[in-house]
Amino acid sequence: MGTENSGTVEISEPLLEEPSKIPESDSENIPDWKEQITIRGLVVSAVLGTLFCIITHKLNLTVGIIPSLNVAAGLLGFFFVKSWTGFMSQLGFSVKPFTKQENTVIQTCVVACYGLAFSGGFGSYLLAMDEKTYNLIGPDYPGNRAEDVKNPGLLWMMGFIFVVSFLGLFSLVPLRKVMVMGYKLTYPSGTATAMLINSFHTNTGAELARNQVGRLGKYLSISFCWSCFKWFFSGIGDACGFDNFPTLGLTLFKNTFYFDFSPTYVGCGLICPHIVNCSVLFGAIISWGILWPLISQRAGDWYPADLGSNDFKGLYGYKVFIAISLILGDGLYNLIKIVSISVTEIFRNSSMENNIPLVMEVIGGESSRLELEKKKRDEVFLKDRIPFWFAGSGYVALAAISTATMPIIFPPLKWYLVLCSYLIAPALAFCNSYGTGLTDWSLASTYGKIGLFIIASLVGSNGGVVAGLAACGVMMSIVSTAADLMQDFKTGYLTLSSAKSMFVSQLVGTAMGCIIAPLTFWMYWNAFDIGSPESPYKAPYAVIYREMAILGIEGFSELPKHCLALCCGFFVAALAINLLKDVTPAKVSQFIPIPMAMAVPFYIGAYFAIDMFVGTVILFVWEKINKKDADDFAGAVASGLICGDGIWTIPSAILSIFRINPPICMYFGPSVRT
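What counts as what
- Residues numbered from 1 in each chain as written.
- Predicted model: local features only at pLDDT ≥ 70, side-chain atom pairs only at ≥ 80, totals over all residues.
- Heavy atoms only, no water.
- Helix = DSSP H or I, 4+ residues; strand = E, 2+ residues; numbered from the N terminus.
- Buried < 20%, exposed > 50% of the residue type's maximum accessible area, 1.4 Å probe, protein only.
- Contact = heavy atoms within 4.5 Å.
- Areas by Shrake-Rupley, 256 points an atom, 1.4 Å probe, with all protein chains shown as cover.
- Polar contact = N/O pair within 3.5 Å; in protein donor to acceptor, adjacent residues only side chain to side chain.
- Axes fitted to C-alpha atoms, helices over the stretch in contact; angles between N-to-C directions.
- Parallel < 35°, antiparallel > 145°, perpendicular 65-115°, else oblique.
- Left-handed = near helix turned anticlockwise from the far one by under 90°.
- Nonpolar A, V, L, I, M, F, W, Y, C, P; charged D, E, K, R; others polar.
- Expected span 1.5 Å × (residues − 1).
- Arc of directions from axis to C-beta.
- Disulfide = S-S within 2.5 Å.

**What about the overall build of the protein?**
Looking only at helices and strands, one finds 28 helices and zero strands in the protein. Looking at the 674 residues of the protein, the share that counts as buried comes to 57%. Taking contacts inside the protein between residues at least 6 apart in sequence as the whole, the part at least 24 apart equals 83%. As displayed, the protein has an accessible area near 27,200 Å², and 66% of this comes from carbon and sulfur atoms.

**Description of the side chain of Thr38**
In this structure, Thr38 sits in the loop between α3 (33-36) and α4 (39-62). Side-chain polar atoms of Thr38 contact the backbone nitrogen of Gly41, separated by 3.0 Å. Side chain to side chain, Thr38 and Glu102 meet in a polar contact 2.6 Å long. Once you skip the residues sitting within four places of it in the chain, Thr38 turns out to touch Lys96 and Glu102.

**Quick look at the packing of helix α8 (residues 154-165) against helix α22 (residues 499-527)**
Running from N to C, α8 and α22 point in directions that differ by 150°, and their axes come no closer than 9 Å. Taken together, the axes of α8 and α22 are roughly antiparallel relative to one another. Crossing of α8 over α22 shows right-handed handedness. Every residue of α22 that contacts α8 at Leu154, Met157, Met158, Ile161, Phe162 and Ser165 is listed here: Thr510, Ala511, Cys514, Ile515, Pro518, Leu519, Phe521 and Trp522. For the contact of α8 with α22, the class distribution of residues is twelve nonpolar, two polar and no charged.

**What about helix α24 (residues 563-583)?**
The terminal C-alpha atoms of α24, which comprises 21 residues, lie 30 Å apart, in line with the 30 Å expected from a rise of 1.5 Å per residue. When we look at burial in α24, the residues that qualify are Cys563, Cys567, Phe570, Ala574, Ile577 and Asn578. Projected down its long axis, α24 carries its buried residues within an arc of 90°, all on one side. Facing away from the buried side of α24 by more than 90 degrees, the exposed set consists of Ala565, Val572 and Val583.

**Comments concerning the state of the cysteines**
One pass over the full model with this rule turns up one disulfide. Bridging Cys240 to Cys665, the disulfide has an S-S length of 1.9 Å. For the disulfide bridge between Cys240 and Cys665, the dihedral angle about the S-S bond is near -75°, and by the sign convention the bridge is left-handed. Here Cys665 lies in the segment after α28 (627-657) and Cys240 lies in the loop between α12 (203-231) and α13 (250-254), a separation of 425 residues in the sequence. Residue class for Cys665 comes out partly exposed when judged on its relative accessible area of 43%.

On their own, these measurements won't tell you what the molecule is for.
Structure follows, in structure tokens:
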């Protein structure tokens, strides 16, 4: 869910130190940290940040699964700046060379920008406060009060993002040397991105990059044209067009099993690991194929038969709360696991540091070169220091501003609760960053849910829903941005980029995101019927997060019959599945599904699982036919499909704002004998 990566990227230790990835010519001419941040780089970052925010919002408001776009950011950044420098050179202008350090700064800036589209809660905790979500749950539902409603507003959302998003950047800056150089954490996604950027800036890598960009552009165009073509048949409402094509028959269509021809979801299937896509499909089969049809047959016994489709006292309640149980079970297990691993590794590394001599004799040859390259990286990384006093005073000042501001934006969230959150947040940010470095799995939303439950229960029924949701945002923003920053420090370390340029680009990217993320969400909010069950943009996690907050203050008393027992069963099942994955051999565990991925279709439907499975089948066949070609170009093709569909959202939103509707409604129904 979100940026909680659903699988690890396998990076072997020798690859980290492969000398061929860092040419000597690059290591001899490293630009100053100020030269690594350029005007053209910031312009490209703003353009790509806007595009990726649009894509992230679309995924957040539809299925909630967001693939990593770090590689796409590095690739598109390389393409845009290379195209610009080539064009200006042809016109006779003198241009500065495009370095891998500048490429890294662009990637960092873009990731910081679009990361706020996720951690900002525009598809989860912020949207859970709005009136539509309140009405969807029902005014008569215990704990769901009309007073606990705060509709989206552009200015207050920008203010909220500004006061909570920068603290995570200051919380762990003093520990960058310990995390990257001391513990030598891998940060697989950051390492993979660094290897990609390093390869771009060699002769052979530049050729591969051009081919990748060509593929990306080709499939971006195909995706954009296809999305445009689909629009003409989509009619008014949510029952027309290719998005409602009963590809597997009308019977399965009623249970949401159909292929809806979405380039975005097919692209997600190409870019996500096979086990994630198969887990999503497995969850869809269990829920929409078995569980919901069986529970529907108990209507009139387990729950009143005359309830609406969105009533939490009926089938809808089973869908939401069982999904919550799987998510919490998976999150709790991984939280305990990663914290345990982190503590163990910290003590183990401390013990090793006491026993291993600081100066090691290096015998010549390849080992000597590896050591020299490592020494060069260390020198560059430590050259431009970020003073401890600057980080500490920055965190204290921002925490003071946020503590004073948050109760103004969210009155039920008292200042002392905000202050307590900021006192414990650095420790949680360290745990999340350390765990991300070990496993590539960020548990930002899990830490957010912990804050949600604790604050909601402390505040109680008088404002606990809004206070809990706001506290979720505080915690989630800090631990998410801290992990992103440390991941980017690792990328910068491997590309010989200055730590100071990484930190500044994170600050700039976060500032961009504080403006771009709310603006792009506001476009969706005004153009589409966000949160409606009949809309393509159902915003599924808004309901789930509000229900979590209500659960924190009201308990389980109002759940439909046997719902609590089923929730407990699926919670335990999530723990057992994770334990089974950890204790079985790799050749077996690779086929065990991921509960977090299984939970997504329980509430949303099975249609996107079909699309993602189509993507994973394409990738599987491609890898069997030509694995090298698939490894080189699958990410570019996936990014093109996702970006093309995302770009079409802009003209689609403009048409919707001006009330220009599609001219045709393509509808499918059973044949009728005459």
